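# Working through the structure, step by step
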Amino acid sequence: MTQPVTGKGLDRVDARLKVTGKASYSAEVAVANVAHAVIVSATTGKGRIKPIEIGAAAKVPGVLAVLTHQNAPKPPGADEPRKNAQDRLLQFLQDDEIRYDGQPIALVVADTLERARHAAGLVRPEYDVEKPVLSIEAELDRAYAPKDTPRGPSDKKVGDFDAAFAKAAVRVDGTYTMAPENHNPMEMHATIAVWQGDDKLTLYDTTQGGFIVRQKLAALFRLKPENVRVISRYLGGGFGCKGSPWSHVPLAVMAAKVTGRPVKLVLTRQQMFYFVGHRPRTLQRVALGAERDGTLSAIRHDLTGWTSRFDEFVEPSAAWTRPMYACGNVSTSHRLVRLDVATPTFMRAPGAASGSFAMETALDELSYALKMDPLELRLKNYAEKDPDTGRPFSSKELRACYRQAAERFGWARRKAEPRANREGTWLVGWGMASAAYPAHQRESSAAARVRADGTAVVQAGTHDIGTGAYTIMAQIAADALGLPFDKVRFELGDTTLPNAPLAAGSQTSASVGSAVKLACEAARSMIVSAAVADPRSPLFGARPEDVATDTGTLVSKKDVGKKDTYAAVVERRGREIVSTIENKDVKSREAYACHAFGAQFCEVKVDEATCEIRVTRAVGAFAGGKVLNVKTARSQLLGGMVWGIGLALLEQTVRDARDGRVVTRELQDYHLPVNSDVPALDVILVPEDDPHVSQVGAKGLGEIGITGMGAAIGNAIFHATGKRVRELPITLDRLL
Ligand code: MOS
């Protein structure tokens, strides 16, 4: 038998296309006669738009339309009730209200981008300005409990926190805050909207979920979903902001309708900070009670986050804590405060990147209060089963993660005392934290087509958001079909392909990968059945179970001289073998708690005089079930850890308190880690066999890499300096 390719660190099949510019991103798709649209954004954070004078813009040569709330058409489904959270994401010029800074207030369409931009600059709206409310702290008495979070109920209580906390021998209690952040994928959001007649629409859209875009736009414009086609073949990063359509999508569709031409709308980098989602600002209170020996007796984790006035998103940070540690008294809650901000959304490891910061920092504080090693403390409270649901874990190699990362890092040599390590003017500190992210699997479809040339095309309407899905799916398909890797091509990113879930939540490998595997296994059986039923095949009359398949050939197990090939079987049949499956079997794991786990260890150096902070080493060990491609898996984890450095030390979207304007609206102001901020990072992939979690055995590794990093770095800073900063990002002014 040929060696399986699943798991191997194969290069991305789309790498060459991307680096040579041959992969067409949404904004680059060549569409004939395309017009260009530019959004005019509000330049204040709250108020009413006075009547907009559009004459100067409309007179610019080449301008085809200038839309404002005064003349924009109303999409026929605009008033349909939208009840679910995040259903009112879209603002498309329907009224004069400004709800947040940067909101679209006009749209200029012209024959060239330059003319559209020039004309957009001539739209100079005036406002009746109101003062936006932007402070969670000022509105705390109006905080409300959302019905639900993306990770279960808002509030949950196990045991009796209050009684246990009151009796605890050692207690810590702190409030941890995190700045709002913006996703900032390299590729800006973009849409090209093309109408075919009045009832058919094609969108080339930067999205992680073509089927979601289809559903929302079909409802808004009252089209049959099958008449809306969404294509998104390559994505320059998603991270959650491309998980749902934002205002620019209906605006492009409206503009195409009004002008009778295809319309391309690409956001500017500034607009990436306005209306395409962000991680909300959050306050988290964590209180922990423990016995003298470190046994946790009480855990409380409460989150308060902001949302917009018109829609709801909850960062499910307290839910992160629920499955983490063995403790009988756990109280968790989520509250929201409505402010004059755009609606936040899922951002890489929603709830987990933030929740782990608060919880894992509080544990670090507890370790000092107990005079106990932070790793020891976590091992002392290791959860053998899920304390939240009582279910067994489908698998959990967290102990191995702790051990391997600690060994690689040299944790055993750590001096317990803060400020005990110095190199010249640098204070050196070591910190650690646990990492975790839930393993989701959703229903997904896939199709496998085996062709007369002996190659296969495998399809699912999923997306490769930079994770390597193109490659990983082809690896799974090759092994399941019994074909060499280079004979298999995977197609994605089109709603004409079999339905697949949102490429988010670290669920694509498990969901789509499992569907691909099952579709390909079924196709392989169909080839065998076709061969043994075909009088022209040397295998005619054999029992299917007596036929072995490998590298595109069929061989009789009874008589190795009897052979056939996939190509010949399909050729004689006269048409492709097509197997399409809908994998609904995603419930078998409901008996288990399914999570990927990991451990993060970091070293920082802090200059004693200037408080300059450098992350100098980091080791992360992760167990996420079966690894489908060691190279792309490692890349995801590295990327997550790099982002964790940004989350801990750099990233914050700053608003002007006077008028709500986002002031960090360029990458020169919104700081991301650059090469000099990132040391050599060490990623350990801990083997984990999980028979329950999904048909491919994978849990998903797209988000766990960022979790725990905020705390591990903050804990290392405390160890270096003896100063605890409970606010992210930990900038040097907060440390001084
Ligand atoms: Mo991710 S925040 O689930 O795209």
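Note that the structure is a prediction, hence the values are computed from the model and not measured.

Rules used in this analysis
Residues numbered from 1 in each chain as written. Predicted model: local features only at pLDDT ≥ 70, side-chain atom pairs only at ≥ 80, totals over all residues. Heavy atoms only, no water. Buried < 20%, exposed > 50% of the residue type's maximum accessible area, 1.4 Å probe, protein only. Helix = DSSP H or I, 4+ residues; strand = E, 2+ residues; numbered from the N terminus. Pairing = 2+ DSSP bridges. Contact = heavy atoms within 4.5 Å. Axes fitted to C-alpha atoms, helices over the stretch in contact; angles between N-to-C directions. Phe/Tyr/Trp six-rings, centres within 6.5 Å; stacked < 30°, edge-to-face > 60°. Lys NZ or Arg CZ within 6 Å of the ring centre and 35° of its normal. Left-handed = near helix turned anticlockwise from the far one by under 90°. Nonpolar A, V, L, I, M, F, W, Y, C, P; charged D, E, K, R; others polar.

Okay, the pairing of strand 20 (residues 444-450) next. Among the seven residues in strand 20, six count as buried, and that is most of the element. Where strand 20 meets strand 21 (residues 456-459), four bridges bridge the pair, whose relative direction is antiparallel. Across the sheet, Ala 447 pairs through a bridge with Gln 459, a residue of strand 21. Counted along the chain from strand 20 to the antiparallel partner strand 21, the turn is five residues long, and its residue Gly 454 has a positive phi close to 80°.

Looking now at the side chain of Asp 546. With respect to the helices and strands, the residue Asp 546 is situated in the loop between helix 12 (508-532) and strand 23 (547-550). If near-sequence neighbours (up to four positions away) are discounted, Asp 546 is found in contact with Val 555, Ser 556, Lys 557 and Lys 558.

What the seven strands build is an open sheet, ordered 3-5-1-14-11-12-13; its pairing is mixed. Every interior strand has two partners, whereas the edge strands, strand 3 (63-68) and strand 13 (228-231), have only one. When the angles between neighbouring strand axes are averaged without regard to direction, this sheet yields 20°. When strand 3 meets strand 5 (residues 104-110), the two strands line up antiparallel, connected through five bridges.

Next up on the list: the packing of aromatic side chains. Centre-to-centre distance and the angle between the planes together describe a pair of aromatic rings. Going through the model one piece at a time under the given rule, you end up with 15 aromatic pairs. Considering the side-chain rings of Tyr 234 and Tyr 470, the 5.6 Å spacing of their centres and the 35° angle between planes classify their relative orientation as tilted. Pair noted here: Tyr 234 is in the loop between strand 13 and helix 6 (248-259) and Tyr 470 is in helix 11 (residues 469-481), with a separation of 236 residues, a long-range link. Judged by its relative accessible area of 8%, Tyr 470 falls in the buried class. Pairing Phe 409 with Trp 411 gives two aromatic rings, centres 6.2 Å apart and planes at 50°, and the pair type is tilted. In this structure, Phe 409 and Trp 411 share a single accessibility class: buried. Through pairs of rings, three or more aromatic residues link up here, namely Phe 409, Trp 411, Trp 430 and Phe 601. If you follow Arg 99 out to its NZ or CZ, it ends over the ring of Phe 310, 6.0 Å from the centre. The positively charged end of Lys 257 is found above the aromatic ring belonging to Trp 195, 3.9 Å away from the centroid.

Here we come to the environment of Ala 500. The residue Ala 500 is located in the loop between strand 22 (488-491) and helix 12 in this model. For the pair formed by Ala 500 and Arg 442, sequence separation is 58 residues and the distance between their alpha carbons is 8.6 Å. If near-sequence neighbours (up to four positions away) are discounted, Ala 500 is found in contact with Phe 211, Ser 444, Gly 461, Thr 462 and Val 512.

With an omega of -5°, the peptide bond between Leu 728 and Pro 729 qualifies as cis. Along the chain, Pro 729 turns up in the loop between strand 30 (727-728) and helix 16 (732-735). Here the phi dihedral of Lys 371 falls at roughly 55°; this positive angle occurs in a residue that is not glycine. Here Lys 371 is to be found in the loop between helix 8 (352-370) and helix 9 (374-380). At Cys 611, a position not held by glycine, the phi torsion is positive, near 65°. The topology assignment puts Cys 611 in the loop between strand 27 (595-607) and strand 28 (613-623). The class for Cys 611 is buried, based on a relative accessible area of 9%.

Packing of helix 12 against helix 13 (residues 566-573) brings their axes to within 10 Å, and their N-to-C directions diverge by 65°. Note on packing geometry: the crossing formed by helix 12 with helix 13 is left-handed. Residues Arg 524, Ile 527, Ala 530 and Ala 531 of helix 12 lie in contact with helix 13, whose contacting residues are Tyr 566, Val 569 and Arg 573. Across the contact of helix 12 with helix 13, the residue classes tally to five nonpolar, no polar and two charged.

So, on to the pairing of strand 1 (residues 35-41). A large share of strand 1 lies buried, amounting to seven of its seven residues. Going residue by residue along strand 1, you find Ala 35, Ala 37, Ile 39 and Ser 41 tucked away on one face and His 36, Val 38 and Val 40 tucked away on the opposite face as well. Sheet topology note: the strand 1/strand 14 (residues 263-266) ladder contains three bridges and is parallel. In the sheet register, Ala 37 faces strand 14, and the bridge partner there is Leu 265. For strand 1 and strand 5, the ladder comprises six bridges, and the chain directions are antiparallel. Bridge pairing in strand 5 places His 36 opposite Ala 110.

A few words on helix 5 (residues 210-220). Among all positions of helix 5, only Gly 210, Phe 211, Val 213, Arg 214, Leu 217, Ala 218 and Leu 220 are buried. Where the residues of helix 5 are buried, they touch strand 12 (200-205), strand 13 and helix 6. Arg 222 sits one or two residues past helix 5 and shows a positive phi near 50°.

For the rest of this paragraph, the subject is the sheet that holds strand 4 (residues 97-98). Pairing is antiparallel in the open sheet, where three strands are placed in the order 4-2-6. The sheet is open, and its two edges are formed by strand 4 and strand 6 (127-129), each paired on a single side. As paired elements, strand 2 (residues 47-49) and strand 6 share three bridges and run antiparallel to each other. Within strand 6, the residue paired with Ile 49 across the bridge is Tyr 127.

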